[in-house]
Amino acid sequence: MSETTEPRTLNFLEQIIEADIAAGKHGGRVGTRFPPEPNGYLHIGHAKSICLNSGLAKEYKGTFFLRFDDTNPAKEETEYVESIIDDVKWLSGDDLKDRIFFASDYFQQMYDWAEELIRKGKAYVCDQTPEQMKENRGTPSEPMTPSAGREFSPEKNLELFRQMRDGKFAEGERTLRAKIDLASPNFNMRDPVMYRIVKAEHHRTGAKWIIYPMYDWAHGLEDAIERITHSICTLEFEHHRPLYDWFLDQIDEFSKPGAYRPRQFEFARLNLSYTVMSKRKLLELVKGKFVSGWSDPRMPTICGLRRRGYTPESIRAFCKEIGVARMNSMIDVVKLENAIREDLNKRALRRMGVLKPVKLVIENYPDEKSEMLDAVNNPENEADGTRQIPFSKVLFIEQDDFMEIAPKKYFRLTPGQEVRLRYAYYVKCTGCVKDDAGNVVEVRCN
RNA sequence: UGCGGGAUUGUGUAAAGGUAGCACGAAUGGCUCUGAACCAUUUAGUCGGGGUUCGAAUCCCUGUCCCGCAACCA
């Protein structure tokens, strides 16, 4: 007997993961995460990342975490944290129990590792202002100009760093920088900032910290702490990858032979035709009261789609359908619409409604009579049963369902044409009644 | 400019040297219970130029075009 196996096509991430499992990396385990900064509401673009990460974890029987990358108190709020948790739970169908984390919970650990780098002479305190840093960054052919701190002893830098932590400096006065390469063609490697001073209330740690880790320093550490195996992000972080690896290389715990190492992989973000996804513009719509709020059904936010009637299954199907690649693309929004149509077609209970009514009079139906007719709730699922709908001489139909003078392929009511009324009788249109202005006020048939 | 990515029907996405497939769209036809859905048929593609090979979307060379980055944002 021959086995017919469904030909399964893997996307590039599945191929990488399967190769890693086959090679025994991480003991064959898969751990993914969705790491939003709580600085806004999630939209359909984020849905792609959520479905990807949670989907891969499910597919390979791994773990999926929701982690808030809350490293910039100036932009983050608890309101966003709460909405993101709701949206991710709803979309992924995962209760996220015990699997919601915060970068801010790792601040002390990150700080300790920063001191480790300073002690090793791999990081230093810089006194350049943001403006000076920009001026001194150099050009592709000229190296950057460092500050004196680059040559200070580890002891002195450690002391300065502790002073930063303890509030001896104002915002912008000092930063901690990694000592990497003054002339790297990848500007991310030209001594990137690891910590900056931000004197703002953090939504979780309050005023405990006044120095905050930058994304590049923090992200790989967060992944490493959580034992993420495949750290999936969007394409624009591609040339941050050398930095991601460099930082982990500097920390004993993650650079020892056989030590745990997460890896970064990039994919193309979602672009949807006719859809605004810029956080700034969406915020403008909300603040300017052009919409009723983040969950306005016209918004491309996850909560907006939810209110519009999208099911999580349909959005997941959409994400699976569009695939994942490293090429920038523009998905036609009809693809999203197709996903919900397909889903709802299978499970939605049908109801009839009339938006712009016009009276339909059945001339040969008795004046006083009325009867109840059986209507199928869902033609695609008999189990959904039937309901009763009333029928009488005078009914209301959609204005668009009648045309006095109709084109060739008009299948609705027009004088002389017979149609079937849904769940009821065949009727033939005999004409219509108009008011003084010429508007059709009544359609007649028998 | 430097660095890093990318290029397969209209839009996406497969094919790891061996028949270019799938989905959505579009078109045509069918259907007197949603102009939906469904059914049938059709449409249309490997960026250009060289090379390797019996055979190239795939490997090599070369050109072109597109995207991203050069924040004390993530």
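Caption draft 1: Structural view of a nonpolar patch on the surface. A cluster of nonpolar residues, V354, V394 and F396, forms a patch on the protein surface that exposes about 250 Å² of accessible area. Tracing the chain through its elements places F396 in strand 13 (residues 394-398).

Caption draft 2: Quick look at the protein's contact with RNA strand B. The environment of RNA strand B is made up of 56 residues, and the closest members are G172, R350, K409, R412 and E418. Taking the atoms of RNA strand B that fall within 4 Å of the protein, sugar and phosphate contribute 67% of them. In the model, a base nitrogen of RNA strand B is placed 2.7 Å from a nitrogen or oxygen of the Q128 main chain. Here M330 contributes a backbone N or O atom positioned 2.7 Å from a phosphate oxygen of RNA strand B. Of all the elements in the fold, those that place two or more residues in the surface near RNA strand B are helix 5 (130-136), strand 6 (193-197), helix 12 (312-322), helix 13 (333-347) and strand 14 (418-420). The element that contributes the greatest number of residues to the surface near RNA strand B is helix 13, accounting for five residues. For the surface near RNA strand B, a count of residues per class yields 22 nonpolar, 15 polar and 19 charged.

Caption draft 3: Broad picture of the confidence of the model for chain A. Looking at chain A, the pLDDT average stands at 95 and 98% of residues meet or exceed 70. Counting contacts from residues 1-5, a segment whose pLDDT is below 50, to residues more than four positions away or on other chains yields zero contacts.

Caption draft 4: The sheet that holds strand 16 (residues 440-445), seen in detail. Reading across the sheet, the five strands line up as 13-10-16-15-14 and stay open at both edges, with mixed pairing between neighbours. The open sheet is flanked by strand 13 and strand 14, the only strands paired with a single partner. Neighbouring strand axes in the sheet, compared pairwise and without regard to direction, differ in orientation by 40° on average. By the bridge criterion, three bridges tie strand 14 to strand 15 (residues 426-434) in an arrangement that is antiparallel. Bridge pairing links E418 to K428 in strand 15.

Caption draft 5: Representation of the packing of helix 7 (residues 215-225) against helix 8 (residues 241-250) within the structure. For the pair helix 7 and helix 8, the least separation of the axes is 9 Å and the interaxial angle reads 65°. Of the possible angle classes, the one that applies to helix 7 and helix 8 is roughly perpendicular. Crossing handedness for the pair helix 7 and helix 8: right-handed. From helix 7, D216, W217, H219, G220, L221, D223 and A224 reach across to helix 8, where they touch L243, Y244, F247 and L248. Residues of the contact of helix 7 with helix 8, tallied by class, amount to seven nonpolar, two polar and two charged.

Caption draft 6: Layout of the packing of aromatic side chains. Applying the stated criterion to the full structure yields 15 aromatic pairs. On the numbers, 5.9 Å between centres and 45° between planes, the contact of Y111 with W209 is tilted. One end of the pair, Y111, is in helix 4 (residues 107-119); the other, W209, is in the loop between strand 6 and strand 7 (211-213), and 98 residues separate them in sequence. On the basis of relative accessibility, which here comes to 6%, the residue W209 falls in the buried class. Each ring, one from W246 and one from F247, has its centre 5.5 Å from the other, and the planes form 75°; the classification is edge-to-face. A single burial state applies to W246 and to F247, both of which are buried. One aromatic cluster is present, formed by F107, Y111, F161, Y195, W209 and Y212 through successive ring pairs. A cation over a ring is seen here: K156 above F152, with NZ or CZ 4.1 Å from the ring centre.

What counts and how
Residues numbered from 1 in each chain as written. Chains lettered and ligands numbered in written order. Predicted model: local features only at pLDDT ≥ 70, side-chain atom pairs only at ≥ 80, totals over all residues. Heavy atoms only, no water. Patch = residues over 30% accessible without salt bridge, like charges linked within 9 Å, V, L, I, M, F, W, Y side chains within 5 Å. Areas by Shrake-Rupley, 256 points an atom, 1.4 Å probe, with all protein chains shown as cover. Salt bridge = Lys/Arg side-chain N within 4 Å of Asp/Glu carboxyl O. Helix = DSSP H or I, 4+ residues; strand = E, 2+ residues; numbered from the N terminus. Near = heavy atom within 4 Å. Polar contact = N/O pair within 3.5 Å; in protein donor to acceptor, adjacent residues only side chain to side chain. Nonpolar A, V, L, I, M, F, W, Y, C, P; charged D, E, K, R; others polar. pLDDT = per-residue confidence, 0-100. Contact = heavy atoms within 4.5 Å. Pairing = 2+ DSSP bridges. Axes fitted to C-alpha atoms, helices over the stretch in contact; angles between N-to-C directions. Parallel < 35°, antiparallel > 145°, perpendicular 65-115°, else oblique. Left-handed = near helix turned anticlockwise from the far one by under 90°. Phe/Tyr/Trp six-rings, centres within 6.5 Å; stacked < 30°, edge-to-face > 60°. Buried < 20%, exposed > 50% of the residue type's maximum accessible area, 1.4 Å probe, protein only. Lys NZ or Arg CZ within 6 Å of the ring centre and 35° of its normal.

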